[in-house]
Amino acid sequence: MPLVSMRQLLDEAAKGGYGVGAFNVNNLEQVQAIMEAARETNSPAIIQASRGARKYANDRFLYHLMQAATEVYSEIPVALHQDHGNSPETCRSAIELGFTSVMMDGSLMEDAKTPADFAYNVRVTHHVVEMAHGRGVTVEGELGTLGGIEDDVGSGEIHLTDPDQAVEFVERTGVDALAVAIGTSHGAYKFTKEPDRELLAMSIIEEINQRLPTAHLVMHGSSSVPKELVDLLNRYGGEIRPTWGVPVREIQEGIKHGVRKVNVDTDLRLAATGAIRKAFAEDPGEFDPRYYLKPAREAMKKVVKARMEAFGQAGHAGDYEPISLEEMVRRYKEEGHLLTTT
Ligand SMILES: [Zn+2]
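In this text, all values refer to a predicted model and were calculated from it rather than measured experimentally.

Would you mind going over the overall build of the protein chain with me for this structure?
The helix and strand inventory of the protein chain stands at 13 helices and 10 strands. Relative to the globule expectation of 20 Å for 342 residues, the C-alpha radius of gyration of the protein chain, 19 Å, shows essentially globular dimensions. With respect to the three principal axes, the spread of C-alpha positions in the protein chain is 65 × 45 × 35 Å. A total of 342 residues make up the protein chain; the buried ones form 56% of that total. In the protein chain, once contacts between residues fewer than 6 apart in sequence are set aside, the share between residues at least 24 apart is 77%. If you sum the accessible surface of the protein chain, you get close to 14,400 Å²; carbon and sulfur atoms cover 51% of it. Positive and negative side-chain charges in the protein chain, numbering 36 and 51 respectively, have mean positions lying 3 Å apart.

Printed below as a string of structure tokens:
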């Protein structure tokens, strides 16, 4: 099947009461690991690429890797999402390339570093919604900022999402999905101790969900940074300091309260690098890249499978027929999110 609208995947997830993991890719092995995990668990999938990934892989390579994924895994509904679009221009180029979903991150200015004000965020996000919905493409917005800096994105400061503003933001922009800041960070160093309810402000999700029960919420920076992956990496010469991620049970709590998309990147990076370090240490005489890329791909697949099962998306790949982007355009027109102005 062709690439599917992310909005459809999230609407179906809301109906089924589950969440969908969104995994980042830069290369062939990552695409294969995610698609294979989706097949083995019969899960719908969201694959996302940051600006850094598009630059690293080259847009045309990324596009054709995803075309191959839809051909080889034709039974799996998969959406291709632009992660952290920094400007309408980035989102436009993603849409032209064939992405079925874009994130306009107007919580930061175009440099992807300086926190932006609410008015700017509403204006720029609404602009992208008009452009994207006209092509049937999904839009994710972000309100509040995460900690950490990854792929050159982030101010490094945490600003939690204000639920009052979230209601106004969703109404004024018409976004399909809203990323909320609840105290998580991008990268491996999220928390210096096991996060409790104070560090991880799950109450913000609960409050926004109460006031916007139909909004699809997104958790960024939601790798769990499992101790066994960090330990393996360090056993073979890695130097990852003690750190905690977002516990899977907290994500599951979020899913009960409207979280439909869960971004996971770091866990795959840790799994791949650990497997490669182990392979290097075990046979220094080997020099065929397949010798270490194969276990890396296998380790990523294992993480993705575990998340797909934990988020509840496993078993749901065949639940629905994909809607074309043309049909999405028609639905958006009916919803009135296409021609409204603020
Ligand atoms: Zn993010």
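What is the right way to look at the sheet that holds strand 3 (residues 78-85) in this model?
What links the strands of a sheet is backbone hydrogen bonding, and the strands pair in either a parallel or an antiparallel sense. Strand order in the closed barrel made by the 8 strands is 1-2-3-4-5-8-9-10, with parallel pairing throughout. Strand after strand, the sheet turns through a mean of 25° between neighbouring axes, direction not considered. Bridge count between strand 2 (residues 45-49) and strand 3: 5 bridges; the pairing is parallel. When the bridges of strand 3 are listed, Gln48 appears paired with His81. In this fold helix 5 (residues 88-97) packs onto strand 3 and strand 4 (101-104), with an angle of close to 175° to the strand it touches most, strand 4. Most of the contacts of helix 12 (residues 289-311) go to strand 1 (residues 20-24), to which it runs at about 155°, and overall it touches strand 1, strand 2 and strand 10 (259-264).

In this structure, what is going on with the coordination of the zinc ion? I would like to understand it.
Angles at a metal have ideal values that depend on geometry: 109.5 degrees with four tetrahedral donors, 90 or 180 degrees with six octahedral donors. At 2.0 to 2.1 Å from the zinc ion lie its protein donor atoms, namely His84 (NE2), His186 (NE2) and His220 (ND1). Mapped onto the sequence, the donors of the zinc ion take the spacing H-x101-H-x33-H. With His186 in the loop between strand 8 (177-180) and helix 8 (202-211) and His220 in the loop between strand 9 (216-219) and helix 9 (227-235), the pair connects residues that are 34 residues apart, well separated along the chain. We note that His186, like His220, is buried.

Just checking my understanding: could you explain the packing of aromatic side chains for this structure?
Each aromatic ring pair is described using two quantities: the centre-to-centre distance and the angle formed by the ring planes. Scanning the entire structure with this criterion turns up 2 aromatic pairs. Between Phe118 and Phe169, the ring centres sit 6.3 Å apart and the planes meet at 55°, which makes this aromatic pair tilted. Of the two residues, Phe118 is situated in helix 6 (residues 118-133) and Phe169 in helix 7 (residues 163-173); the sequence distance between them amounts to 51 residues. Neither residue differs from the other here; Phe118 and Phe169 are each classed as buried. Where Phe280 meets Tyr292, the ring centres are 4.8 Å apart and the plane angle is 70°; that geometry is what we call edge-to-face. Here Tyr292 lies in helix 12 and Phe280 lies in helix 11 (residues 266-282), a separation of 12 residues in the sequence. Given a relative accessible area of 46%, Phe280 falls into the partly exposed group.

Mind showing me how you'd approach the pattern of salt bridges here?
It is possible for side chains of opposite charge to pair when their charged atoms get near one another. Inspection of the entire model under this criterion finds 25 salt bridges. With a shortest N-O distance of 2.8 Å, Arg172 and Glu168 are connected by a salt bridge. One end of the pair is Arg172 and the other is Glu168, both in helix 7 and 4 residues apart, which spans about a single turn. Taking relative accessible area as the criterion, Arg172 reaches 35% and is therefore assigned partly exposed. A salt bridge links Arg290 to Asp288; its shortest N-O distance comes to 2.9 Å.

Can you walk me through the pairing of strand 8 in this structure?
In regular strands, side chains alternate between the two faces of the sheet. Burial of the side chains of strand 8 extends over both faces: Ala177 and Ala179 are buried on one face and Leu178 and Val180 on the other. With 4 bridges connecting them, strand 5 (residues 138-143) and strand 8 associate as parallel partners. Opposite Gly141, over in strand 8, you have Leu178 as the bridge partner. Where strand 8 and strand 9 come together, 4 bridges link them in parallel fashion. By the bridge assignment for strand 9, Ala177 is matched with His216. Read from strand 8 through helix 8 to strand 9, the crossover connection turns out right-handed.

About the cut-offs
- Each chain carries its own residue numbering, running from 1 in the written order of its sequence.
- It should be noted that, the model being predicted, local features are given only for residues of pLDDT at least 70 and side-chain atom pairs only at 80 or more, the latter also being counted only at that level, while totals for whole chains, interfaces and linings use all residues.
- To get the side-chain values, take all heavy atoms of the structure and skip hydrogens and water.
- Put simply, DSSP H or I for four residues or longer makes a helix, DSSP E for two residues or longer makes a strand, and each gets a number counted from the N terminus.
- Values of the radius of gyration come from C-alpha atoms, whereas the globule rule sets the reference at 2.2 Å times the count of residues to the power 0.38.
- Type-normalised accessible area, obtained with a 1.4 Å probe on protein chains alone, sets the label of each residue: buried when under 20%, exposed when over 50%, and partly exposed for intermediate values.
- By the convention used here, residues are in contact when the closest approach between their heavy atoms is within 4.5 Å.
- Per-residue and other accessible areas were derived by the Shrake-Rupley procedure at a 1.4 Å probe size, with only the shown protein chains allowed to occlude residues.
- Within this scheme the basic residues Lys and Arg register as positive and the acidic residues Asp and Glu register as negative, but His and the chain ends are omitted.
- Taken as the charge location is NZ of Lys, CZ of Arg, CG of Asp or CD of Glu.
- A pair of strands is considered paired only if DSSP assigns at least 2 bridges between the two.
- Interaxial angles span 0 to 180 degrees and are taken between N-to-C directions of axes, which are lines fitted to C-alpha atoms, for helices over the stretch in contact.
- Metal sites are built from N, O and S donor atoms within 2.8 Å, or 3.2 Å for Na, K and Ca, and they leave out water, so they may look incomplete.
- Two aromatic rings, drawn from Phe, Tyr or Trp (for Trp, its six-membered ring), form a pair once their centres lie within 6.5 Å of each other, and the interplanar angle then sorts them: stacked below 30 degrees, edge-to-face above 60, tilted otherwise.
- A pairing counts as a salt bridge when a side-chain nitrogen of Lys or Arg comes within 4 Å of a carboxyl oxygen of Asp or Glu.
- A right-handed crossover is one whose linking path, passing over the helix from the first strand to the second, runs clockwise when the strands point away from the viewer.

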